[in-house]
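Structural features, examined
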Amino acid sequence: MAGGVLAATRGFRPSSGVWLVLGLFLLWEVSARTGMVDSPNWPPLSRVAAALARDTVSGEIPMLVGSTLARMFAGLAAGTMAGIAAGLLFGASTLAQRVLGPTVELIRPIPIPAVIPPLVLFLGLDNGMKITVAAVSAFFPLLTNTAQGLRAVEADQIAMARTFGVPGWRRLFRVTLPAILPYVMAGLRVALALALVTTVVAEMIAGEQGVGHYLVLMQFAGRAEEMYAAVLVLAFLGYALNRGFLWVERRSIAWYFAAGRDG
Amino acid sequence: MTEFTRRAALGATMGGALALPLAAPALRAQALTKMRVSVIPVLDVAPLHAAIAQNYFAAEGIEVDTSSTAGGATGLPGLVAGQYRVTFSNTVSALLGVREGLDFRFISGAARSLAQPPDTMAILVRKGSGITTGKQLEGKRVASNTRNNIVWLRGMAWIDKTGGDFKRVTTVEVPFPQMADALAGGQIDAGLFSEPFVTSALETHGDKLERIGWIIQETAPSSSIAQYVAMKEDLDKNGEVFERFVRALHRGTDWVNAAAGKPELLQLVANFTRVPLERLQKVAFTAYPKEVTTAEIAEMIATMTKFGLGGRYPAPADLIFRTAKA
C-alpha cells in the first residue's frame, strides 16, 4: 500500500509525462467548450468520458474490446510462431535467405490495409480474415529480428558449448534460443502494436465486429462522443498492452537487463 | 458383432437410407436456409431490418445474417467472392460492375427518390458564398463521398442542369461524416450530402451552411437509387430460395410503408443505424419500391453514359430477376 502511494507520488513528479497528458485533456475540454474548435465533431472530453462510462457499464465496450483482443492475440500468436520459425530458417541457412529473401523484402513494405480487399476475396469477412491480417503484421518484425538475433549469437558461446560436448539440439534450446530471446522480444513488441492497429483497421473495413466496427458505425451515425470514446479505448488499450509487455519482458529476460544491456 | 446383429444393422442402415429421401422435405422445411446479406447502415435498408424484426424471413425458412459496413466498400466484391448471397448496392456501382462483366442481377428494388421535395440527397454550400448554380461551381471543389456512385452522378447531373460543365468541377472524395466540417472550414466549396447527413449538417452548421438544391429530385424525380443484387449463377441454381427471400423482404417493405412517419419505424432505424432518434424525426426518407423497372435502369445507363460512365451494358430487362419484376 505504502509502495503504491510512493509509486503514485513518483508518477506525479513535476517532470512526469502524466502532466502533459492531463494538459492535453484539459486543452481538449477547453477548446470544445469555448468554441476554439467549433464543430459537433469535437465534443468536450467530459461528454466523451460520460459516453465511455455509459457504454462500459452497459457492457457494450467490454464486449467489443474482448472480441478485438481475442482476434488480435490469435493473429499475434500465429504470426509470432511463423515469424520465429522463418527467422530461424533465414538466420541458419544462407540458401533460404537467398531464395526467399527477395520475396520477403517485396511483401514486407506493403501496407496491410491495402491488401484487405483481396484478403476478403480469399478469406471472407469474419475472424479468419482479421486474424490473418494480424498474423501477417506480426510475422515480419519477428522474422527479421529472429534472423538478426541468430546471426548475432556470439560465436564464443556456441564454441564453448561445443567444447563442453553439448549436443546440437541441446545447444539450440540452452544456448542459441535464450541468446536470441531479447531480439525476439523486441520484435514482439513491435508486432504487438502493429497487430492491434491492423486488427482494428480490418474491423473498420469489413464485418460487424469489434472496436473498429463500433468506431465507424458511430462516426456514420453522427455520434461523435461514442466515436471518441472508442478512440480513447484504443489509446488506453495500446498503452496497457505495451506496459504489460514491458512487465513480461523484464521478467522473462531479466538476465539480459541484469547484464546492463538495455541501454 | 454376430452375423445376426450385423445383418440387422445393415438392414437398419439400408432402411434409413431409403427412408431419408422421403423424410427430406420435412427436414428441409425445418432447417433454416442461412443467407448473408451485405448492407450499409442507412435508412434505405429499413425494409430488410423490418423483415428480420418481424420474423418474415423465419416464416420463409430463411435466417438472414446482415453484415453492415459503413461506406459499403466490401459489398459488391464480397458478393462476387461468394461471401454474401445478396448485397444492397446503389444502382450506379452495381451497373459499373455489370459493365465490367460481373453477372449481377437486381432481385428487388430498395430505394427510389420521391417525386416531390424533400429529397434524400442535397447539395450544400457555405452561406454568403453566393453560389447557387452549377455554373458557379466551375473551377471549384465539390465533395462526394465516393466518385462514380449515385451521389456523385446525381450531383454532376445537377451541376449540368444548372448550367455548369461537370468536367470543369474538381471532385474530391470526403466521407459523409467529415463533409460538413470540410465545407464550413473552407476546404471544399460544395458538398453532395445524403441523409441523415443533410439534416445533421444543417442542424449543427445551420449558421454557416445552406442547401442550394435537391440533387435527385431536381434532375430525375422518382428515379432509381439502390437495389438488392445477387449473382446470376446463384439465382439460376437457387431461384426458389431467392423467391422466398424477396417475398419476406417485400413484407418488410409493406411494414415500413405502413409505418411511415410513425415512432416504430424511427425506432427500428435508430436501432440499426444508431442515429439518435431526435435527429431521425427530421430526416427525409426515400420511397421503398419492391420492383425494378427497365425504364429506371435505362434512365440510369443513359445518365451514366452522359457523365462519362458509358460502355457496353446489357439490355435492362436482362438484368432484372423475376422477383423484381412488377
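Provided above is the structure to which this section pertains.
Reference entry: report on the structure contained in this document. (Residues numbered from 1 in each chain as written. Chains lettered and ligands numbered in written order. Predicted model: local features only at pLDDT ≥ 70, side-chain atom pairs only at ≥ 80, totals over all residues. Heavy atoms only, no water.)

So, the overall build of chain A
Per the secondary structure count, chain A includes 12 helices and zero strands. Principal-axis analysis of the C-alpha atoms places the extent of chain A at approximately 75 × 55 × 30 Å. Residue burial in chain A is summarised as follows: out of 263 residues, 40% are buried. A separation threshold of at least 6 residues defines the contact pool for chain A, and within that pool the share at least 24 residues apart is 70%. For chain A, the exposed surface amounts to about 14100 Å²; the carbon and sulfur share of it is 70%. (Helix = DSSP H or I, 4+ residues; strand = E, 2+ residues; numbered from the N terminus. Buried < 20%, exposed > 50% of the residue type's maximum accessible area, 1.4 Å probe, protein only. Contact = heavy atoms within 4.5 Å. Areas by Shrake-Rupley, 256 points an atom, 1.4 Å probe, with all protein chains shown as cover.)

Things to note about the sheet that holds strand β3 (residues 86-90) of chain B
All names here are of chain B. Strand order in this open sheet of five strands is β2-β1-β3-β10-β4, and the pairing throughout is mixed. At either margin of the open sheet sits one strand with a lone partner, and together these are β2 (62-68) and β4 (104-112). For this sheet, the mean inter-axis angle between neighbouring strands, taken without regard to orientation, is 25 degrees. Relative to β3, strand β1 (residues 33-39) runs parallel, the two being bridged by two bridges. From the neighbouring strand, Ser-38 faces β3, where its bridge partner is Thr-87. Sitting on the sheet, helix α12 (residues 294-306) touches β4 and β10 (224-231), and the angle it makes with β10 is about 105 degrees. (Pairing = 2+ DSSP bridges. Axes fitted to C-alpha atoms, helices over the stretch in contact; angles between N-to-C directions.)

Some remarks on helix α8 (residues 197-204) of chain B
Along α8(B), the residues classified as buried are Phe197(B), Val198(B), Thr199(B), Ser200(B) and Ala201(B). As for α8(B), its buried residues are in contact with α10 (210-220) of chain A together with β5 (121-126), α7 (176-184), β8 (190-194), β9 (209-214) and α11 (277-280) of chain B.

Some points on the interface of chain A and chain B
Listed per partner, the contact involves 25 residues of chain A and 25 residues of chain B. Where chain A packs against chain B, one counts two salt bridges. Between Asp126(A) and Arg36(B) there is a salt bridge, and its shortest N-O distance comes to 2.9 Å. At the junction of chain A and chain B, the tally comes to five residue pairs in polar contact (both at pLDDT 80 or more). Those elements giving two or more residues to the side of chain A that touches chain B turn out to be α6 (116-123) and α10 of chain A. Its residues assigned to classes, the side of chain A that touches chain B comprises 13 nonpolar, seven polar and five charged. (Salt bridge = Lys/Arg side-chain N within 4 Å of Asp/Glu carboxyl O. Polar contact = N/O pair within 3.5 Å; in protein donor to acceptor, adjacent residues only side chain to side chain. Nonpolar A, V, L, I, M, F, W, Y, C, P; charged D, E, K, R; others polar.)

Some remarks on the pairing of β2(B)
Within a regular strand, the side chains alternate between the two sheet faces. All names here are of chain B. β2 sits mainly inside the fold: five of its seven residues count as buried. Two strands pair when backbone bridges link them, and β1 and β2 are joined in this way by seven bridges, in the parallel orientation. Bridge pairing in β2 places Arg-36 opposite Asp-65.

Some words on the side chain of Glu29(A)
Residue and element names in this part refer to chain A. By the secondary structure assignment, Glu-29 is in helix α2 (residues 18-33). A residue is classified by how much of its surface remains accessible, and Glu-29, at 19% relative accessible area, is buried. A polar side-chain atom of Glu-29 sits 2.7 Å from the main-chain amide nitrogen of Ser-46.

Description of the pattern of salt bridges
Taken as a whole, this structure holds 29 salt bridges over all chains when the rule is applied. As a salt-bridge pair, Arg108(A) and Glu105(A) come within 2.9 Å of each other at their nearest N and O atoms. The class of Glu105(A) is partly exposed, set by a relative accessible area of 42%. For Arg247(B), the salt bridge is made with Glu60(B), and the minimal N-O distance between the two is 3.0 Å. With Arg247(B) in helix α9 (residues 232-258) and Glu60(B) in the loop between α3 (56-59) and β2, this residue pair connects regions lying 187 residues apart in the sequence. According to the relative accessible area criterion, Arg247(B) is partly exposed, its value standing at 44%.

Comments concerning the sheet that holds β9(B)
Residue and element names in this part refer to chain B. Read across the sheet, five strands follow the order β7-β6-β8-β5-β9 without closing on themselves; strand pairing throughout is mixed. Where the open sheet ends on each side, the last strands, each with one partner, are β7 (170-173) and β9. If you compare each strand with its neighbour and ignore which way they point, the axes differ by 30 degrees on average. Two strands pair when backbone bridges link them, and β5 and β9 are joined in this way by five bridges, in the antiparallel orientation. Among the inter-strand pairings, Leu-124 is bridged to a residue of β9, identified as Arg-211. Each of β5, β6 (141-144), β7, β8 and β9 touches helix α6 (residues 150-161); the most contacted strand, β8, lies at about 130 degrees to it.

As for the environment of Ile215(B)
Residues and elements named next belong to chain B. Here Ile-215 is to be found in the loop between β9 and β10. Spatially, the C-alpha atoms of Ile-215 and Thr-253 are 25 Å apart, while their sequence positions differ by 38 residues. Discounting chain neighbours no more than four positions away, the residues touching Ile-215 are Asp-119, Met-121, Ala-122, Ile-123, Val-151, Arg-154, Gly-155, Trp-158 and Leu-192.

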